[in-house]
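Architecture and fold: a report
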4 protein chains.
Amino acid sequence: MQETTSEPEQAQPEAGLRDRKKEAKRAAIIAAAQAEFIAHGFAEARLARVAAQAGVAKGTLYLYFDSKEALFDAVLRGALPLIFAPPVAPDPGTPPQVAFRRRLRAAIADMQASGRDKLALIVLSESAQFPGLARIYLEAILEPLFELVRDYARSSGVARLEPLTRYPQLLLAPMLAATMWNRLMTERPPLDLPEMLETHLTLVLGPPEGEPAGVTG
Amino acid sequence: MQETTSEPEQAQPEAGLRDRKKEAKRAAIIAAAQAEFIAHGFAEARLARVAAQAGVAKGTLYLYFDSKEALFDAVLRGALPLIFAPPVAPDPGTPPQVAFRRRLRAAIADMQASGRDKLALIVLSESAQFPGLARIYLEAILEPLFELVRDYARSSGVARLEPLTRYPQLLLAPMLAATMWNRLMTERPPLDLPEMLETHLTLVLGPPEGEPAGVTG
Amino acid sequence: MQETTSEPEQAQPEAGLRDRKKEAKRAAIIAAAQAEFIAHGFAEARLARVAAQAGVAKGTLYLYFDSKEALFDAVLRGALPLIFAPPVAPDPGTPPQVAFRRRLRAAIADMQASGRDKLALIVLSESAQFPGLARIYLEAILEPLFELVRDYARSSGVARLEPLTRYPQLLLAPMLAATMWNRLMTERPPLDLPEMLETHLTLVLGPPEGEPAGVTG
Amino acid sequence: MQETTSEPEQAQPEAGLRDRKKEAKRAAIIAAAQAEFIAHGFAEARLARVAAQAGVAKGTLYLYFDSKEALFDAVLRGALPLIFAPPVAPDPGTPPQVAFRRRLRAAIADMQASGRDKLALIVLSESAQFPGLARIYLEAILEPLFELVRDYARSSGVARLEPLTRYPQLLLAPMLAATMWNRLMTERPPLDLPEMLETHLTLVLGPPEGEPAGVTG
DNA sequence: CATGAATGAGGCTTCATTCAT
DNA sequence: TATGAATGAAGCCTCATTCAT
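Summarised in this report is the structure supplied together with it. A quick note: this is a predicted structure, and the numbers were derived from the prediction, not measured.

Here we look at the relation of the copies chain D and chain C
Between chain D and chain C, the superposition needs a rotation of 179 degrees and an axial shift of 0.0 Å, giving an RMSD of 0.3 Å. Here the two chains are linked by the operation of a two-fold rotation axis. In this assembly, 100% of the residues forming the interface of chain D have copies in chain C that are likewise at the interface, indicating an isologous arrangement.

Here is the structure:
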C-alpha cells in the first residue's frame, strides 16, 4: 500500500495506460463504425471496412463488441450524451427567449456537424429491426428538446403558444426536416439552416427581442 | 373470351388480353414488393418473400425487373402517381384557405393510409445507395406540395406569410415529423395527425375562416 | 393409376423426374456427408468437402438441409432404417437358436460394412451436443437388438440365461467393443468378428446346435 | 519468503520451490483441461475456459503446452498412471477368483468416478485425428486388463474359459458398454454397474466362490 | 413465359495462437 | 515468467441472380 517513490505507481498507471489504450481503441472503433453506418446504413455497413478504418483486425472488433448489432448500439449510445450537452454555459442574464433560441441553434448545428442526424435516420428506417433502440434513441434526443419547448411555451405566458405545450413537435419539426433535406438534396444549394430556423421561430413565436437586434425596431 | 386460334389474327384483343395479364402480374409483383420494402426496408427485403406473396416463382421476378434495385425503383415510381392525384375535385366556390387546408389534410391521410410514408423513410435513410432516386422521389412528392404552399402564401396577401414562399418546408415539416413519429413510437398513443395539423396551421396561418369556424375573435 | 404407355401423363412423370433428381441429389449429399462425418467427426467435418464430394455447390446444401446439424441429423436418421432391416427372410424351419445367431451375425456385418459403427461412436462422444439425438439413435439401434436377445433368452427356457432378460447388453457388448476395436486398432491384425461372436455366444449360450455342425463331421 | 538476491546462490531449494510452483500450475492446467475435454470433447473444448478454470491467462497455457493437441495429449497421459494403480494392496490369502473380481470392480468404479471413461470415448471418436494417441491410450488401459483376464483364464484351469485367453475382450466388453450406456442414457435409470458386472461374471465364469458365498457349491 | 433448383461470392463470427509489455 | 490484447485464417451460412427444363 505504500507509495512507490521513484518509479511511482506501478500497477495503477500501468493499468491506467492499458486501459487508456483500450479505451482509445474502443473509441477508434466506434468512430470508424459511426462513419461506416452513416455512410452505408446498418445492413450495408461492412465490418471489414470498420476494422480497416479503425486500424485493427476484424477479430479485434469482437473483443470490444459482441456483434454488429452491439456495435451499432454502441455507436448510437455513444452519440447520445453528445446530443444535449449544454453547448454553452446557460449564462444567466440573457432573456429566456434568447437563451432558448441559442439553445436550439446549437442543437441543430451540433447534429449537423456530427453526422448524428444520419444516424437518427438510420434508426428511423430500420426501427423494425431495432425496436427498443429506436425508442431509447429518439426519447433521448427528442424528449429533452420537447421539454425545452414546453418550458418555454409555458413560461412565456403568451396564449398563442399554448398549443406548443401539447405539440412541441411543431416547433422542432422544421429542423428535422431541414436537416434531412440538406443531407439528401446534395445536388442543390443547401438550406441555410440557421436562417431558416430563425425564420420559423419568428413565424411562430414572433420577432426576436433582446438579442443584438437585427432590424431597427 | 374466345380461344386463341394459334394464328395471330386478332392481334389487338389477344395482345390486349396478354398485356392485361402481364400487367396484372407486374402489378401484383410491385404490390408485394411495396409491402415487403415497407415492412423490412431495402436491405432486409427478401425477393423470395416478394415472389411468394405475388404468387410467382423467384425467377419470374427477373422477367419483369432486372434486379432488386430496379424493383425498388419501380415500387417508388409506382407510388408516385398516387401521391398527388387530387383527392377531391377542386370544387370551385370554396374559399382558398379552406381548399388549401383540405388539400393538405388529404395528402397526409393518403400518405399514412398507403404506407408510402415508410417508403419515403427508406429512401431517406438509404439515399447513399440510391442517390438519383432520392432526388426524383422527393422532388415528385415535395415539389408539388411546396408549390401549393407558395401559391397559397402569395395569394393570401398576408405579409406575415411571405417567408413561406422562401421556406415552404416550414409549413410541411410537422406533417413529415408527425408521420415519422407515429410510425416509430408504436408503444405510445399515436399523435392525432389531423388535429396536430390543424393546430399547426392555426399557429402559423391564423385561425381558419369560412370553415365551420372555431373560436370567434 | 394406369400404367404409363408411351408418353402419357405430362405432369406426373415430369414432376416424378424432378423429384427423382432431387431425391438422388439429396441422397448424394447424405452419402457424402456420412463419409465426411465418419472420417472427421462432427466438429471437424467440413461442409465444403461434403459439397465437393456430392458434386454440388456449397449453397446447394442449404436447399436440402437447414444447417450442419440438420445434415448430421439426416445422416443419422438415414442410417437408422438400414440397421435392422431383416437381412434375410426369416426362413421358417430353422431352429430359433440358429436364426438368432444368424441375425446377430448379419447385424454385425452390416454395421461394419456400412461404417455406421463410426457414426454411433460420434454420437456417443458428442452426445453432449446432441442430447435428444443420442437417445433416439441408440434406442433405434439398441432397443430392437435388446428385444431380440430378451425374446431368445425367454423362449430358450434355459434357466442360466435368465439374467439376459434383465441385461441384454451382456450379450451384445462384445460386438460393440469389437467393432470399436477394429476401427481403432488399425495397426494390428483385426479381430475376426464372426469368430469372436461365435466364441462369445458359445461361451454364454453353450455350443451351437442344429447348425451344419462344425468340426467333427 | 526471502528476497531473491539476483545471485543464484541456493539454486537447489529455490529451484525446488519454483519447480513445485510450476508443477502445481501445470497440474492445475491439466485438471482444468481434463474437465473441459470431458465436458465438451476435443473439438468443442475452449482453451479460454481451461485458462479461466485453471486461474491463469490464456497465453500462459502456451508456456506449458505447445498446442491444444499437446494439452490433450498431456491430459490423457496424465490420466493413464491413475488407471491401474492397484487400488487395494493385493492382499495375499484371498483366492484368485475373488481377487480377480475385486480388481475388475475396482477398475470399473475408478473409471466411472474419475470421468476417464469419457476421455476414452473422446479418444475413440476422434481417433481419426489422433491416430497414435488412440493406440497408446487404449493399449495402456486395455492391455493390462487383458493380461489380467488371460492370467485368470489360464490359471483357473477351467477348459470352458480357454477362449478368454484368445479374446479377453469378451469379459471386459460389458463394462465398456455399460459405462457408455450410463454416460449417454442420462434420462433413464442408470445401470447398476457392479451388479451387472457380477451377473456377467457369473454368466461366463460361473457363480462366485470363496466370497461371502451366495450358493453353497 | 414460367419455374425453381442451383450457384458462389461474400458476410459475420470464432478461436487457437502470438507477442509486446 | 505471466499477461491478455491482438491477430487472421477459416468456417458456416445467406441470398440475389442464373439457367436448364
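Still to come is the rest of the account.
Here we look at the interface of chain D and chain C
With 43 residues of chain D in contact, the opposing surface of chain C contributes 45 residues. Note on chain D versus chain C: buried area summed over both sides is about 3900 Å², and carbon and sulfur give 69% of it. Linking chain D to chain C there are two salt bridges. Two residues, Glu195 of chain D and Arg166 of chain C, come together in a salt bridge whose shortest N-O distance is 3.3 Å.

Comments concerning the protein's contact with DNA strand F
Around DNA strand F there are 34 residues in total, and Thr60 and Tyr64 of chain A, Arg46 of chain B, Tyr62 of chain C together with Thr60 of chain D lie nearest to it. Here the atoms of DNA strand F within 4 Å of the protein split so that 70% fall in sugar or phosphate, with bases taking the remainder. At 3.2 Å, a side-chain N or O of Lys25 of chain D approaches a phosphate oxygen of DNA strand F. Contact between DNA strand F and Thr60 of chain D: a phosphate oxygen at 2.6 Å from a side-chain N or O atom of the residue. Mapped by element, the contributors of at least two residues to the surface near DNA strand F are helix H1 (11–44) and helix H3 (58–64) of chain A, helix H3 (58–64) of chain B, helix H3 (58–64) of chain C together with helix H3 (58–64) of chain D.

Details of the nonpolar core
The biggest cluster of nonpolar side chains holds 126 residues, and the ones touching the most others in it are Phe37, Leu119 and Leu164 of chain C together with Phe37, Phe72, Leu119 and Leu164 of chain D. The biggest single contributor to this core is helix H7 (residues 131–156) of chain D, with eleven residues. Sequence-distant contacts of Phe37 of chain D, defined by excluding residues within four places in its chain, comprise Phe42, Ala45, Lys68, Leu71, Phe72, Val75, Leu119 and Ile122 of chain D. Grouped together as the second largest cluster of nonpolar side chains are 125 residues, Phe100 and Phe146 of chain A together with Tyr64 and Tyr152 of chain B included.

Regarding helix H10 (residues 193–205) of chain A
Residue and element names in this part refer to chain A. Taking 1.5 Å per residue as the helical rise, H10 with its 13 residues ought to reach 18 Å, and the 17 Å between its terminal C-alpha atoms agrees with that figure. Within H10 the residues assigned to the buried category are Leu193, Met196, Leu197, Thr199, His200, Leu201, Leu203, Val204 and Leu205. One side-chain oxygen of the residue at the start of H10 lies 3.1 Å from the amide nitrogen of Glu195, identifying that residue as Asp192. Backbone geometry just downstream of H10 places Gly206 in the positive-phi region, at approximately 100 degrees.

Some points on the relation of the copies chain A and chain B
You can overlay chain A on chain B at an RMSD of 0.3 Å; the transform is a turn of 179 degrees with a shift of 0.1 Å along its axis. Mapped onto chain B, 98% of the interface residues of chain A are again interface residues, and the two copies thus contact each other with one and the same surface.

Examining the interface of chain A and chain B
Contact residues are listed per partner, giving 44 residues for chain A and 43 residues for chain B. Buried area between chain A and chain B, summed over both chains or domains, comes out near 3900 Å², and the portion from carbon and sulfur atoms is 69%. It is Tyr167, Leu170 and Leu203 of chain A that lose the most area in chain A upon contact with chain B, and together they represent 17% of the buried surface on that side. Linking chain A with chain B are two salt bridges. Put simply, chain A and chain B have four residue pairs in polar contact (both at pLDDT 80 or more) between them. Contributions of two or more residues to the side of chain A that touches chain B are made by H1, helix H6 (116–125), helix H7 (131–156), helix H8 (162–166), helix H9 (169–184) and H10 of chain A. When residues of the side of chain A that touches chain B are assigned to their parent elements, the largest contribution, nine residues, is made by H9 of chain A. Per-class residue counts for the side of chain A that touches chain B are 26 nonpolar, seven polar and eleven charged.

Parameters and conventions
Residues numbered from 1 in each chain as written. Chains lettered and ligands numbered in written order. Predicted model: local features only at pLDDT ≥ 70, side-chain atom pairs only at ≥ 80, totals over all residues. Heavy atoms only, no water. Least-squares fit on C-alpha atoms with pLDDT ≥ 70 in both. Contact = heavy atoms within 4.5 Å. Buried area = accessible area lost by both parts, 1.4 Å probe. Salt bridge = Lys/Arg side-chain N within 4 Å of Asp/Glu carboxyl O. Near = heavy atom within 4 Å. Polar contact = N/O pair within 3.5 Å; in protein donor to acceptor, adjacent residues only side chain to side chain. Helix = DSSP H or I, 4+ residues; strand = E, 2+ residues; numbered from the N terminus. Core = buried A, V, L, I, M, F, W, Y, C linked by side-chain atoms within 4.5 Å. Buried < 20%, exposed > 50% of the residue type's maximum accessible area, 1.4 Å probe, protein only. Expected span 1.5 Å × (residues − 1). Nonpolar A, V, L, I, M, F, W, Y, C, P; charged D, E, K, R; others polar.

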